[in-house]
Amino acid sequence: KRAIMNAILEIIEKIPETKETGLEQFCEFIEDCEFPKLSMKILDLLGSEGPKTKHPGKYIRFIFNRVILETASVRSAAVTALARFGAHVPQLTRSVQVLLSRCASDDDDEVRDRAVLFLHLLEMKDLSVAKQFFDSEAPADPKRLVASLEAYLEGKKDLAFDVSKDLVEVEEIDDGQGKGAGERKSTQNSGGGSPANYNQGGAAADTTTAANLSPQMQVNVYKELLGKIPQFATLGPLFKSSSASELTESETEYVVSCVKHVFKEHVVLQYNVTNNMEDQLLENITVEIESEDPDWAEEKVVAEKSIAYGATGVCFVCLSRPMEGFKKENFNSGSIGNTLKFYVKDIENGVPQSVATEDEYQLEDLEIVESDFMLPRNNIRTMDFKKKWDEVGDATQAIKKFSLGLEDLQNAVDAVIDLLGMGPCDNMNEVPENARSHGVFMAGEFLSGGKRLPVLCKAGFMLDQRHGVTLKIAIRCPDVNVSQLLTTSVR
């Protein structure tokens, strides 16, 4: 898309007669552009060149759409572009004032501040001040101007600040941190900052290693990883870590997966983020969540400091859940929306630029379910299972029978084992060829009330040509509430 934009700009520059056509193309371009930096450049172009065209009013709608639909950085650029039209096209001034007044209540402080400033300029009787504001160049580099104003305020001078006299020299120091990243709202870093000295692939390497291990070995690997993060020191022992769930396609700009770590009263979501943009450095990376169930409260957010091209970083969100007795203990979060938040620095000639732009990227939803609290046991022999089944007895047993809506026995067996999160005994998960019925014994340990409760399950599958696969399931656990909960988790 950057190549398309540059091509159109070159055509406009070399063939002035194509300017209006090119600007119209840009209007359509930003309607479906997921790159904030490109949108901001186009909005700046529309704001500077649009007022000079024969029919400047036709661009207003496209620009204001960016105020409604985009991120804060793009909204700020759109507000400035609107104000340029109001300053240079008197017949549009009143309409622009109405639109800017709506922006004055925006959630972002920069958008609000720009809208208020531009409204003040456009409400003056003489628009020449507003024109001069937009047409004149900045008196100094922004960093130098800020430093000069700070020095002026510290000096408590009686005379008004004079740009020609009071500018100070600023020594350039590249500390690798963009202004935008430093100004990130504290709520995005609640609980902490980045995983201490454990970014740029260290945590991701552990995640890759863990993916090929047994559930218990995974716990050991992740226990070491989470133990290096001070914010999680008080969560207690780690019960289980899930396999990674993909939240994006594998070929997207940013590839993200999530691992769920289950503790007694908390679930930590670990987001593995890979940067596939060769010309970008990502900084202050977090994931903003929105839970369907308000009982699942966000307690802590741990950001990743930076992710270079081709590297993978890790950020975390820690959720708490109700634990006051089984009836209030929550094992299902409902849908959790995920938005990747970060700051972008463009890479030019291999060097990150000093200015960081805020951006976000929508991820797939995820869900915490009952099987996340189940640790499978795959090493129980059939004879041992039957003995334990009899020892538990049927007093705490729960039974349910229903149709699965599936036409294949193997698919049905795999689906039920996955939904329960339990381990099959003696390879009973493998269905013989041409079988019309099949039985599976499963075992596991379920985390409830901070205790690891043994769970046993007998599942019988029957394939019928008219109704597909039907399931009869019986679950035994020392706690009958757990038995009933797990039978209803197959849905």
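This one's a predicted model, so the numbers in the text were calculated from it and none came from an experiment.

**Things to note about the overall build of the chain**
Counting its regular elements, the chain contains 16 helices and 18 strands. Across the 491 residues that make up the chain, the buried fraction comes to 48%. Counted over contacts in the chain with a minimum sequence separation of 6, partners at least 24 positions apart contribute 64%. When the accessible surface of the chain is split by element, carbon and sulfur atoms take 49% of a total near 25300 Å².

**Looking at the nonpolar core**
If you look at the biggest cluster of nonpolar residues, it comprises 70 residues, and the most contacted ones within it are Tyr271, Leu340, Leu420 and Phe461. Looking at this core, the element that brings in the most residues is strand S17 (residues 451-464), giving seven residues. Those residues in contact with leucine 340 that sit more than four places away from it in its chain are Tyr254, Val256, Val273, Ile285, Thr286, Val287, Asp359, Glu360, Tyr361 and Leu363. Judged by nonpolar contacts, the second largest core, of 44 residues, contains Phe26, Leu43, Phe62 and Leu122.

**Focus: helix H4 (residues 60-69)**
Across the 10 residues of H4, seven count as buried, placing the element largely inside the fold. All buried positions along H4 are accounted for by Ile60, Phe62, Ile63, Phe64, Asn65, Arg66 and Val67. Buried residues along H4 sit against helix H2 (19-31), helix H3 (36-49), helix H5 (72-88) and helix H6 (90-103).

**Examining the confidence of the model for the chain**
Scored by pLDDT, the chain comes out at a mean of 84, with 88% of its residues at no less than 70. Confidence, expressed as mean pLDDT per element, reaches its minimum in the chain at helix H11 (residues 179-182) with 39 and its maximum at strand S4 (residues 266-275) with 95. A low-confidence stretch, residues 173-201 (pLDDT under 50), is modelled with 64 contacts involving residues beyond four sequence positions or located in other chains.

**Considerations on H6**
End to end, H6 covers 20 Å across 14 residues, agreeing with the expected 20 Å (1.5 Å per residue, within 8%). In H6, a bend of some 25 degrees at valine 96 exceeds every other bend along the element. On the buried face of H6, the contacting elements are H4, H5 and helix H7 (109-122).

**Overview of a negative patch on the surface**
Taken together, the side chains of Glu249, Glu251, Glu364 and Asp365 make up a negatively charged region of the molecular surface. Residue placement: aspartate 365 occurs in the loop between strand S11 (357-362) and strand S12 (366-368). Looking at aspartate 365, the relative accessible area reads 46%, which means it is partly exposed.

**So, the environment of glutamate 370**
Inspection of the secondary structure puts glutamate 370 in the loop between S12 and strand S13 (374-376). Taking the relative accessible area as the measure of exposure, glutamate 370 reaches 7% and is therefore buried. A sequence separation of 49 residues divides glutamate 370 from leucine 419, and the C-alpha atoms of the two residues are 8.0 Å apart. In contact with glutamate 370, other than residues within four places in its own chain, are Phe331, Asn332, Phe446, Leu485, Leu486, Ser489 and Arg491.

**Regarding the layout of surface pockets**
One simple way to see leftover space: roll a probe sized like a water molecule over the atoms. Its boundaries defined by the atoms lining it, the second largest pocket holds a volume of some 600 Å³. Around the second largest pocket sit 23 residues that line it, and Lys240, Ser371, Asp372, Asp418 and Gly421 are the ones nearest its centre. Going through the elements one at a time, helix H13 (215-227), strand S1 (240-241) and helix H15 (409-420) are the ones with two or more residues in the lining of the second largest pocket. Sorting elements by how many residues they give to the lining of the second largest pocket places H15 first, with three residues.

**Here we look at the pairing of strand S8 (residues 312-320)**
Across the nine residues that make up S8, a large majority, nine, are buried. The sheet contact formed by S4 and S8 spans nine bridges and is antiparallel. The residue bridging valine 273 from the neighbouring strand is glycine 313, located in S8. Across five bridges, strand S6 (residues 297-302) lies against S8 in antiparallel orientation. Residue pairing across strands places valine 301 opposite valine 317, the latter belonging to S8.

**Quick notes on the pattern of salt bridges**
Counted according to the given criterion, the structure contains 14 salt bridges. The closest approach of N and O atoms between lysine 58 and glutamate 20, which form a salt bridge, is 3.4 Å. Separated by 38 residues along the polypeptide, lysine 58 in the loop between H3 and H4 and glutamate 20 in helix H2 bring together distant segments of the chain. Given the relative accessible area of 22%, glutamate 20 is considered partly exposed. Residue glutamate 445 pairs with arginine 452 through a salt bridge whose shortest N-O separation is 3.0 Å. Judged by relative accessible area, arginine 452 falls into the partly exposed class, the value being 43%. Through salt bridges with shared partners, one network takes in Lys19, Glu49 and Lys52.

**Re the side chain of aspartate 346**
Note on placement: aspartate 346 falls in strand S9 (residues 334-348). For aspartate 346, a relative accessible area of 12% corresponds to the buried category. For aspartate 346, the side chain forms a polar contact with the side chain of lysine 37, separated by 3.4 Å. Not counting residues up to four positions away in its chain, the partners in contact with aspartate 346 are Lys37, Asp279, Val351, Pro352 and Gln353.

**Some remarks on the packing of H7 against helix H8 (residues 128-135)**
Two elements in contact, H7 and H8, have axes whose closest approach is 8 Å; the angle formed by their N-to-C orientations is 135 degrees. Comparing the axis directions of H7 and H8 gives the class oblique. Each of Leu117, Phe118, Leu121 and Leu122 in H7 lies in contact with H8, whose residues at this interface are Val129, Ala130, Phe133 and Phe134. Of the residues in the contact of H7 with H8, the class split is eight nonpolar, no polar and no charged.

So, how was this worked out
- In every chain, residue numbers begin from 1 and rise along the written sequence.
- Given that this is a predicted model, residues contribute local features only at a pLDDT of at least 70 and side-chain atom pairs are listed and counted only at 80 or more, while totals for whole chains, interfaces and linings are drawn from all residues.
- Note that water and hydrogens are dropped before the side-chain values are worked out from all heavy atoms of the structure.
- Strands here are runs of E lasting at least two residues and helices are runs of H or I lasting at least four, both read from the DSSP assignment and numbered beginning at the N terminus.
- For the exposure calls, accessible area comes from a 1.4 Å probe over protein chains only, and a residue counts as buried if that area is under 20% of its type's maximum, exposed if over 50%, partly exposed in between.
- Throughout, a contact is declared for two residues whenever any of their heavy atoms are within 4.5 Å.
- Under the convention used here, a 1.4 Å probe and the Shrake-Rupley method define accessible areas, while residue burial counts only the protein chains that appear.
- In these notes, a set of buried Ala, Val, Leu, Ile, Met, Phe, Trp, Tyr and Cys residues joined through side-chain atoms within 4.5 Å is what counts as a nonpolar core.
- Here pLDDT means the predictor's own confidence in every residue, given as a number from 0 to 100.
- One less than the residue count of a helix, multiplied by 1.5 Å, gives the span that helix is expected to have.
- Two axes enter the bend calculation: one fitted to the seven residues ending at the residue in question, the other to the seven starting there, and the bend is the angle between them.
- Patches here are clusters of residues that have more than 30% relative accessible area and form no salt bridge, with a 9 Å joining cutoff for like charges and a 5 Å cutoff for nonpolar side chains (Val, Leu, Ile, Met, Phe, Trp, Tyr).
- Whenever Lys or Arg places a side-chain nitrogen within 4 Å of a carboxyl oxygen from Asp or Glu, that contact is recorded as a salt bridge.
- Counted as positive: Lys and Arg. Counted as negative: Asp and Glu, with His and the chain ends omitted from the count.
- One atom stands in for each charge, and that atom is NZ of Lys, CZ of Arg, CG of Asp or CD of Glu.
- Of the grid points, spaced at 1 Å and generated over the protein atoms alone, those admitting a 1.4 Å probe that cannot get out make up cavities, while open sets with protein on both sides within 12 Å along at least five of seven lines make up pockets; any residue with an atom within 4 Å of a point is treated as lining.
- Grid points are joined across faces, edges and corners, and a volume is the space filled by probe spheres set on the points.
- Paired strands, as defined in this entry, are two strands with at least two bridges between them according to DSSP.
- In the analysis that follows, any N or O atom pair within 3.5 Å is treated as a polar contact, provided that within protein one partner can donate a hydrogen and the other can accept it, and provided that, for residues neighboring in sequence, both atoms belong to side chains.
- Helix axes are fitted only over the stretch in contact, all axes being lines through C-alpha atoms; the angle between N-to-C directions runs from 0 to 180 degrees.
- Angular relationships are summarised with four words: roughly parallel below 35 degrees, roughly antiparallel beyond 145, roughly perpendicular across 65 to 115, and oblique for the angles in between.
- By the convention adopted, Pro, Cys, Tyr, Trp, Phe, Met, Ile, Leu, Val and Ala count as nonpolar, Lys, Arg, Asp and Glu as charged, and the other residues, Gly among them, as polar.

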